[in-house]
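What follows is the residue order along each chain.
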Amino acid sequence: MRISNILFVGNAVTKERVLRAELDFHEGDSLVTETLARRLELNRRRLFNLQLFHHVLVQAVCREGSLTVLFSVQERWYTFPIPIFSLADRNFRSWLDRSDRWSRLDYGVHVVRKNFRGRNEQVLANIQLGFNRKYELFYEAPGYGKRRRIGFGGGFSYYQSHALDYATFRDRLVNYRQEDEFPIERQYAIAGIRWRRTVQHRTALDVSYHHERISDSLYKRNPSYYLGRTQRQYVEVSLVSTLNQRNTFAYPLTGQFAEVGVAYRSFLTGGSPNITTFWGHYAKYVALGGPFYYSVGVQGRARLAQQVAYADNRAFGYEVLVRGYDAYVIEGRHYGLVQQGVTYRLFDAGRVKLNGINNAKINSIPLALYLNTFADVGYVRNPAVASVTNRLPNRMLASAGLGLHLATYYDWVFTLEYTRNVEGQGGFFFRTAFPI
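Quick caveat, the model's predicted, so the values are computed rather than measured. (Residues numbered from 1 in each chain as written. Predicted model: local features only at pLDDT ≥ 70, side-chain atom pairs only at ≥ 80, totals over all residues. Heavy atoms only, no water.)

## So, the overall build of the protein
Next, step 1: Counting its regular elements, the protein contains 4 helices and 23 strands.
Next, step 2: Over its C-alpha trace the protein gives a radius of gyration of 24 Å, about what one expects of a compact globule, namely 22 Å for 436 residues.
Next, step 3: Oriented by its inertia axes, the alpha-carbon framework of the protein measures out at about 80 × 45 × 45 Å.
Next, step 4: A buried classification covers 46% of the 436 residues belonging to the protein.
Next, step 5: Considering only contacts within the protein whose residues lie at least 6 apart along the sequence, 57% involve residues at least 24 apart.
Next, step 6: Of the roughly 21500 Å² that the protein leaves accessible, carbon and sulfur atoms contribute 57%.
Next, step 7: Averaging the coordinates of the 56 positive side-chain charges in the protein and doing the same for the 36 negative ones gives two points 3 Å apart. (Helix = DSSP H or I, 4+ residues; strand = E, 2+ residues; numbered from the N terminus. Rg over C-alpha atoms; globule rule 2.2 N^0.38 Å. Buried < 20%, exposed > 50% of the residue type's maximum accessible area, 1.4 Å probe, protein only. Contact = heavy atoms within 4.5 Å. Areas by Shrake-Rupley, 256 points an atom, 1.4 Å probe, with all protein chains shown as cover. Lys, Arg positive; Asp, Glu negative; His and termini not counted. Charge placed at Lys NZ, Arg CZ, Asp CG, Glu CD.)

Shown next, in the form of structure tokens:
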């Protein structure tokens, strides 16, 4: 059947050309009747995964051999001024371990404008005071032009803090605090281009300039923090390609995700060897039948350099984690991680309507609860580590547990998990992201 018209309803802010650029068919194309339903559903998911709408519906009407396709969308609220009141540590467990925990708080405002100008652009600003001070402004445009293939991203960040974790002892961070001075100050500017085929396939090339400084007092405690220097400057070039074919980006149940990247860091200050980093991540999500789903993820990193500073020798315990080791950090240049889990959908309430609120952007709350059992295995390679000081690098790390996952409003995911690791330690952990 030949497509005669493609119509959009409900996109009061979003430009129609932004939506058309995501579709893999256009007026004048012909679609095979046998695969029509699947083709429409795939395109509906593309629009939904722009993460601009609460829901996207698609209908097709055939008259005299011509097809009219109608997409109906419900736009979200796009401006979020969010107060900042957060812990100045890696996670809640780490914050609890601090004797001065109540002074380790950050406050300020975080402002995000999504779908800026109705073109799926994003503007982000941070003004953060308190224990850690941060001033940031970023702009991201996924694509310009009729086909929206080439985009741009850029911004700058300035950060300073009254405390810094400057060493690792017994696999825990050692902290140093200065009341009258900032032991760490970092600033950087970044700019890059984006190439995207669809919302599912993106490639980013970024160039950034960094200037970082530590205080003399901190340098005396760990001269290798910046390899014998109190400050350093470097330029980093990174190339990252992402293929995201999950059914939903927030809480995926089917599909796959793949990402590969390489970064080259060239130091402008002497005494620091240049660093090349490779990393990759792959995850698969499978429907087992009924309310059961299976997920498995594999990721790894290799950092190549003659020597790396303490600040660059991070592995598990930061962005990447073997669950159940939240209280620890594992330092090293190279790591590998395998995560898998089986998920059972306890209930899916669809959308809960809030009576008394007339704004459709905020009066409908999606609500789904999942039971998840999981197991993680990870390994960090760090040939330079002293086994007396830190025992977790260069050994197999593993954990297993049970969790409740709540998927709700504006792609928020909340997880409460009980985990035990091979060290015989266990506990409850709260997280705010899908784990695999």
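There's plenty left to go through after this.
## What about the pattern of salt bridges?
Next, step 1: Applying the stated criterion to the full structure yields 21 salt bridges.
Next, step 2: Put simply, Arg391 and Glu423 hold a salt bridge, and the shortest N to O gap is 3.1 Å. With Arg391 in the loop between β20 (364–381) and β21 (397–407) and Glu423 in the loop between β22 (413–421) and β23 (426–431), this residue pair connects regions lying 32 residues apart in the sequence.
Next, step 3: The network of salt bridges with common partners includes Glu212, Arg232, Glu236, Arg265 and Asp312. (Salt bridge = Lys/Arg side-chain N within 4 Å of Asp/Glu carboxyl O.)

## Notes on the sheet that holds strand β1 (residues 2–9)
Next, step 1: Judged by pairing direction, the sheet is mixed, and its 3 strands sit side by side in the order β1-β3-β2 without closing on themselves. With one partner strand each, in any of the chains shown, β1 and β2 (53–63) form the two edges of the open sheet. For this sheet, the mean angle separating the axes of adjacent strands, direction not counted, is 15 degrees.
Next, step 2: Set on the sheet, helix α2 (residues 36–48) makes contact with β1, β2 and β3 (66–75); between it and β2 the angle comes to about 150 degrees. (Pairing = 2+ DSSP bridges. Axes fitted to C-alpha atoms, helices over the stretch in contact; angles between N-to-C directions.)

## With respect to the environment of Leu42
Next, step 1: With respect to the element layout, Leu42 can be found in helix α2.
Next, step 2: On the basis of relative accessible area, Leu42 is assigned to the partly exposed category, the value being 35%.
Next, step 3: For the pair Leu42 and Leu23, spaced 19 residues apart in the sequence, the C-alpha separation amounts to 9.1 Å.

## Things to note about the nonpolar core
Next, step 1: Within the largest apolar cluster, 22 residues are counted, with the highest numbers of intra-cluster contacts made by Phe25, Leu47 and Phe71.
Next, step 2: For this core, the secondary structure elements donating two or more residues are β1, α2, β2 and β3.
Next, step 3: Other than its neighbours up to four places away in sequence, Phe25 contacts Ile3, Ile6, Leu31, Arg39, Leu40, Asn43, Val69 and Phe71. (Core = buried A, V, L, I, M, F, W, Y, C linked by side-chain atoms within 4.5 Å.)

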